[in-house]
Amino acid sequence: MKKTAQRFFIVILCCLFSFCIATAQGIENKTLLSEAPDKELETILSESNVDIYNVLGLSRQELLTSVRAFIKYVEDYGFCPRYAIEETDLFAQQVYTAIKNYYSKTGFPTKNDPNAYFLTDSELFSTPENVNNFRCYAYALNRTVNTYVGQFSGTALTQTQINSMTISQIADRVVQDLNSSTLKYDCAYTLSTIPSVASMKTGQTLICVRKGSGFFGADYHFMRRVGSNWLHKPGQSSILRYKYTPSNSLDWTNEGVVNGVPTAPNAIYSGNIIYIVFSKHHYGLAYTGYSYHSGNKHYYEYSGTCTSCGQYYSSYYVVKACSGPPCPSTDPVLRIDPTCAE
Ligand SMILES: [Zn+2]
Ligand SMILES: [Zn+2]
């Protein structure tokens, strides 16, 4: 009886000892990465091959502060915020990998209450199947693949370029992207005030862009007018419908809906808004009266200075599908059906 009691006591002691070790390990693993001292944070980042020197135009200390704020957001929401700027987007994903590595054994802290945030300026509009594959610029251009400002007219703008560029310079790069041989839009031009729905011609698209700032420096965001709605896609969020008409006097944020959960903003856009109009052909060119048929298409010649975008053409062709001959030889843009010029 006495021996049994002794054995029992030893077993209890062993259990207590193991429990203490487990608890100590648990506490150690539960240290939030966002609260790690600078040196430790640097070590953890470098172990996951994150370059924290000479990136994004930030000093070491600025970068650590930014990274810490980014990590805190990831700890709260458990997903990697995605960026409109390619360089920053890639960097954010590297940091996210380091965070995942850090929490690989314990799992994310998941402090966030899914009901903690309510969208204020927008509402959920739709969630496309490939919602993670594209962001605000792609959505503005009606694309569903990764798209960065500048990539079609040279190379994607870097974080330091965006930091120093005015919104007009960024909008001009968008116009160059639109005119590129990849996107093949025409009649793209910028406006500082919003054109009315009634002033828009059939086939024209209206988007707008605005500069702001996020964790890693300057940022930009796009919206697109669809009918009377202003739709937009902040980062990897679902598509949102903005409740208002864009205005310089009302800031935008990147609040969103990710995996069905409303997420608080981590970027704010308060600069002046630039509006960009574009379409598949010019609206303000004079038809020369010359046209010809080739294959299953008909080619209509235009010339002059476009009264919409200001570009000059000695010879510009609008191409339409055509089953002729016989063919319609009148102006397809102004006199037939402006919607079918592609
Ligand atoms: Zn034009
Ligand atoms: Zn024809």
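Residues numbered from 1 in each chain as written. Chains lettered and ligands numbered in written order. Predicted model: local features only at pLDDT ≥ 70, side-chain atom pairs only at ≥ 80, totals over all residues.

Enquirer: Would you mind showing me how to read the overall build of the protein here?
Expert: Scanning the protein from N- to C-terminus turns up eight helices and 14 strands. Taking all contacts inside the protein whose residues are at least 6 apart in sequence as the whole, residues at least 24 apart take part in 61%. (Helix = DSSP H or I, 4+ residues; strand = E, 2+ residues; numbered from the N terminus. Contact = placed C-beta atoms within 7 Å.)

Enquirer: Before we go on, may I ask you to explain the sheet that holds strand E12 (residues 286-294) in this structure?
Expert: Within a sheet, neighbouring strands are paired by backbone hydrogen bonds and run either parallel or antiparallel to one another. Spatially, three strands are ordered E12-E13-E14 in an open sheet, and the strand pairing comes out antiparallel. Two strands lie at the open edges of the sheet, namely E12 and strand E14 (312-321), each paired on one side alone. Taken pair by pair, the neighbouring strands of this sheet meet at an average axis angle of 25 degrees, ignoring direction. Sheet topology note: the E12/strand E13 (residues 297-305) ladder contains six bridges and is antiparallel. Bridging from a neighbouring strand, serine 291 pairs with tyrosine 300 of E13. (Pairing = 2+ DSSP bridges. Axes fitted to C-alpha atoms, helices over the stretch in contact; angles between N-to-C directions.)

Enquirer: Teacher, can you tell me more about unusual backbone geometry here?
Expert: A negative phi angle is the norm for most residues apart from glycine, just as the trans form is the norm for most peptide bonds. Of note in this structure, asparagine 49 is not a glycine but carries a positive phi near 60 degrees. Mapped onto the fold, asparagine 49 is located in the loop between helix H2 (38-47) and helix H3 (60-77). Although it is not a glycine, lysine 184 adopts a positive phi angle of roughly 55 degrees. Along the chain, lysine 184 turns up in the loop between helix H7 (167-179) and strand E2 (186-191). The exposed category is assigned to lysine 184, around which 11 C-beta atoms lie within 10 Å. (Buried ≥ 20, exposed ≤ 12 C-beta atoms within 10 Å, placed from the backbone.)

Enquirer: Would you explain H3 in this entry?
Expert: Compared with the 26 Å implied by 1.5 Å per residue over 18 residues, the 26 Å span of H3 between its first and last C-alpha is a close match. Of all the residues in H3, the buried ones are Leu63, Val67, Phe70, Ile71, Tyr73, Val74, Asp76 and Tyr77. Turning to H3, the residues buried within the fold contact helix H4 (86-102) and strand E9 (261-263). Just past H3, the residue glycine 78 takes up positive phi, approximately 75 degrees. (Expected span 1.5 Å × (residues − 1).)

Enquirer: Can you walk me through the packing of H3 against H4 in this structure?
Expert: Between two packed helices, what matters for the description is the angle formed by their axes and the separation of those axes. The N-to-C vectors of H3 and H4 enclose an angle of 60 degrees; their axes lie 11 Å apart at closest approach. What the angle tells us is that H3 and H4 run oblique. For the element pair H3 and H4, the recorded crossing hand is right-handed. Along the contact surface, H3 presents Val67, Phe70, Ile71 and Val74, while H4 presents Ala92, Val95, Tyr96 and Ile99. Counted by class, the contact of H3 with H4 contains eight nonpolar, no polar and no charged residues. (Parallel < 35°, antiparallel > 145°, perpendicular 65-115°, else oblique. Left-handed = near helix turned anticlockwise from the far one by under 90°. Nonpolar A, V, L, I, M, F, W, Y, C, P; charged D, E, K, R; others polar.)

Enquirer: Please explain the confidence of the model for the protein as it appears in this structure.
Expert: Close inspection of predicted coordinates is inappropriate in any region flagged by low pLDDT. Per-residue pLDDT for the protein averages 86, and the proportion of residues at 70 or more is 85%. Here residues 11-29 scores under 50 on pLDDT; set against residues more than four positions off or in separate chains, the count is two contacts. When the criterion is pLDDT under 50, residues 334-342 qualifies, and its contacts beyond four places in sequence or with other chains add up to 21 contacts. (pLDDT = per-residue confidence, 0-100.)

Enquirer: Please clarify how the nonpolar core should be interpreted in this entry.
Expert: Proteins that are soluble and globular tend to have nonpolar side chains buried together. Ranked by size, the top nonpolar core spans 66 residues in total, and within it Val95, Val209 and Ile276 carry the most contacts. With seven residues, the single largest contributor to this core is H3. Structurally, this core is a two-domain feature, drawing no fewer than three residues from each of domain 1 (122-279) and domain 2 (286-340). (Core = buried A, V, L, I, M, F, W, Y, C linked by C-beta atoms within 7 Å. Domains from an automatic or database assignment.)

Enquirer: What exactly am I supposed to notice about the environment of serine 46 here?
Expert: Note that serine 46 resides in helix H2. For serine 46, a count of 13 C-beta atoms within 10 Å translates into the label partly exposed.

Enquirer: I'm lost on H7 in this one. Help?
Expert: An α-helical turn contains 3.6 residues, so any two residues separated by three or four positions project in the same direction. Compared with an ideal rise of 1.5 Å per residue, which puts 13 residues at 18 Å, H7 spans 18 Å between its outermost C-alpha atoms and is within 8% of the ideal. If you check which residues of H7 are buried, you get Ile170, Ala171, Arg173, Val174, Asp177 and Leu178. Along the long axis of H7, the arc covered by the buried residues comes to 155 degrees, so they all point the same way. Looking at the packing, one finds that the buried side of H7 touches helix H6 (159-164), E2, strand E3 (205-214), strand E4 (217-226) and strand E11 (274-279). (Arc of directions from axis to C-beta.)

Enquirer: Can you walk me through the pairing of E11 in this structure?
Expert: Put simply, side chains in a regular strand alternate between the two faces of the sheet. Counting buried residues in E11 gives five out of six residues, a clear majority hidden from the surface. Two strands pair when backbone bridges link them, and E2 and E11 are joined in this way by four bridges, in the antiparallel orientation. Looking across to E11, one finds that threonine 190 is bridged to isoleucine 276. Note that E3 and E11 share five bridges and pair antiparallel. When the sheet's bridge partners are listed, leucine 206 is paired in E11 with valine 277.

Enquirer: How do you make sense of the pairing of E14 when you look at a structure like this?
Expert: The pairing of E13 with E14 spans eight bridges and is antiparallel. Bridging from a neighbouring strand, glutamate 301 pairs with tyrosine 317 of E14. Linkage of E13 to E14, two consecutive antiparallel strands, is achieved through a turn of six residues, within which glycine 310 is found at a positive phi near 85 degrees.

Enquirer: What am I meant to see in the environment of cysteine 136 here?
Expert: Its place among the elements puts cysteine 136 in helix H5 (residues 136-140). For the pair formed by cysteine 136 and histidine 232, sequence separation is 96 residues and the distance between their alpha carbons is 6.2 Å. With residues near it in sequence (within four places) discarded, cysteine 136 still touches Ala84, His221, Phe222, His232, Lys233 and Pro234.

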